[in-house]
Amino acid sequence: HFGSQRLRELYLGQNALTGSIPESIGNLAKLEILDANANKLNSTIPDSISNASALQFLDLSHNKLSGTIPQGFSNSLWLHEFRLDHNRLRGRFPNWLGLMRHLEIIHLNNNLLEGRLDLSLEMGDLNDLTEFAIENNDLNGVVGEAMCDLLLDVLTADCWGSPPRVDCPCCTECF
């Protein structure tokens, strides 16, 4: 249980933590940084986490998180880094990411996301975006011209093979 209403930064990375992320994480209205990467968390991501409306940096990568990515994150308008890679997250690609105007880094690679990659046109308006990694999922579709126009430093997808699962003419690396 997290009790402090003033907590702004919570660094829990690389501590071999197990179990679940508590629902009370959403009570931290001023939380700006949540870093719990490289642990052994094995729950779903609680929907309440999106109540932390000041969140700017989220790193839950390299855990064993399952379930789907909560759509409530679409309300996290100040989020700059969204790192959920190397987990067991399922479901469709969260096309609402294009609504999060301040995103600089999106890492959703090495999960179990599936289905058609329907990148919304708003994804092309993410002018601060520098990294977009979606490889090693079960996605198919096209990374369109709007994403290519962003000239990202890192753009990775499952675009290797004939035919590729993801058509990505501007990827910096194909898997």
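Whatever comes next refers back to the structure up there.
Residues numbered from 1 in each chain as written. Predicted model: local features only at pLDDT ≥ 70, side-chain atom pairs only at ≥ 80, totals over all residues. Heavy atoms only, no water.

Participant: Looking at this structure, how should I read the overall build of the protein?
Facilitator: Helix and strand counts for the protein come out as 1 helix and 15 strands. The C-alpha atoms of the protein give a radius of gyration of 16 Å, which matches the 16 Å a tight globule of 175 residues would have. Each of the three principal axes of the protein carries a C-alpha extent, and together these read 50 × 30 × 20 Å. Taking all 175 residues of the protein together, the buried fraction comes to 49%. Expressed as a percentage of contacts within the protein between residues at least 6 apart in sequence, the contacts between residues at least 24 apart total 49%. A gap of 9 Å separates the mean positions of the 12 positive and 23 negative side-chain charges of the protein. (Helix = DSSP H or I, 4+ residues; strand = E, 2+ residues; numbered from the N terminus. Rg over C-alpha atoms; globule rule 2.2 N^0.38 Å. Buried < 20%, exposed > 50% of the residue type's maximum accessible area, 1.4 Å probe, protein only. Contact = heavy atoms within 4.5 Å. Lys, Arg positive; Asp, Glu negative; His and termini not counted. Charge placed at Lys NZ, Arg CZ, Asp CG, Glu CD.)

Participant: Looking at this model, I keep getting lost on the state of the cysteines. Mind explaining?
Facilitator: Here, the word disulfide means a covalent bond between the sulfur atoms of two cysteines. Scanning the model with the defined rule gives 3 disulfides in all. The disulfide partner of Cys-148 is Cys-170, and the gap between their sulfur atoms is 2.1 Å. A torsion of -80° about the S-S bond marks the disulfide between Cys-148 and Cys-170 as left-handed. Taken together, the positions of Cys-148 in helix α1 (residues 145-148) and Cys-170 in the loop between β14 (166-167) and β15 (173-174) put the pair 22 residues apart, joining distant regions of the chain. On the accessibility criterion, Cys-170 (25% relative accessible area) is partly exposed. Here Cys-159 connects covalently by a disulfide to Cys-174, the sulfurs 1.9 Å from one another. In this structure, the disulfide formed by Cys-159 and Cys-174 twists by about -100° around the S-S bond and is classed as left-handed. Taken together, the residues span a long stretch of sequence, with Cys-159 in the loop between β13 (154-157) and β14 and Cys-174 in strand β15 at a distance of 15 residues. A relative accessible area of 11% places Cys-159 in the buried class. Along the protein, the cysteines that take part in disulfide bonds pair up as 1-4, 2-6, 3-5, counted in sequence order. (Disulfide = S-S within 2.5 Å.)

Participant: Looking at this model, I keep getting lost on the sheet that holds strand β10 (residues 112-117). Mind explaining?
Facilitator: Strand pairing within a sheet occurs via backbone hydrogen bonds; the two strands may be parallel or antiparallel. Overall, parallel pairing links the 5 strands, which are arranged β6-β8-β10-β12-β14 in an open sheet. Looking along the sheet, the strands with just one partner apiece sit at the ends: β6 (66-67) and β14. For strand β8 (residues 88-91) and β10, the ladder comprises 2 bridges, and the chain directions are parallel. Within β10, the position partnered with Arg-90 by the bridge is Leu-112. (Pairing = 2+ DSSP bridges.)

Participant: Which parts of the structure should I look at to understand the environment of Asn-111?
Facilitator: You can see Asn-111 is positioned in the loop between β9 (105-107) and β10. Along the chain, Asn-111 and Glu-135 lie 24 residues apart, while their C-alpha atoms are 8.6 Å from each other. Leave out the neighbours within four places in its chain, and Asn-111 touches Leu-84, Asp-85, His-86, Asn-87, Arg-88, Leu-89, Asn-136 and Asn-137. Only 3.4 Å separates the side chain of Asn-111 from the backbone nitrogen of Arg-88, close enough to count as a polar contact. Polar side-chain contacts of Asn-111 include one of 3.1 Å to the backbone oxygen of Leu-108. (Polar contact = N/O pair within 3.5 Å; in protein donor to acceptor, adjacent residues only side chain to side chain.)

Participant: Sorry, what's going on with the side chain of Asp-59 here?
Facilitator: Mapped onto the secondary structure, Asp-59 falls in strand β5 (residues 57-59). Of the side chains with opposite charge, Arg-83 lies nearest to the buried Asp-59, which makes no salt bridge, at 4.5 Å. In this structure the side chain of Asp-59 is engaged in a polar contact, spanning 2.6 Å, whose partner is the side chain of Ser-61. In this view, Asp-59 contacts Leu-34, Asp-35, Ala-36, Asn-37 and Arg-83; residues no more than four positions away in its chain are not counted. (Salt bridge = Lys/Arg side-chain N within 4 Å of Asp/Glu carboxyl O.)

Honestly, that's just the spatial picture; any functional story needs more than this.
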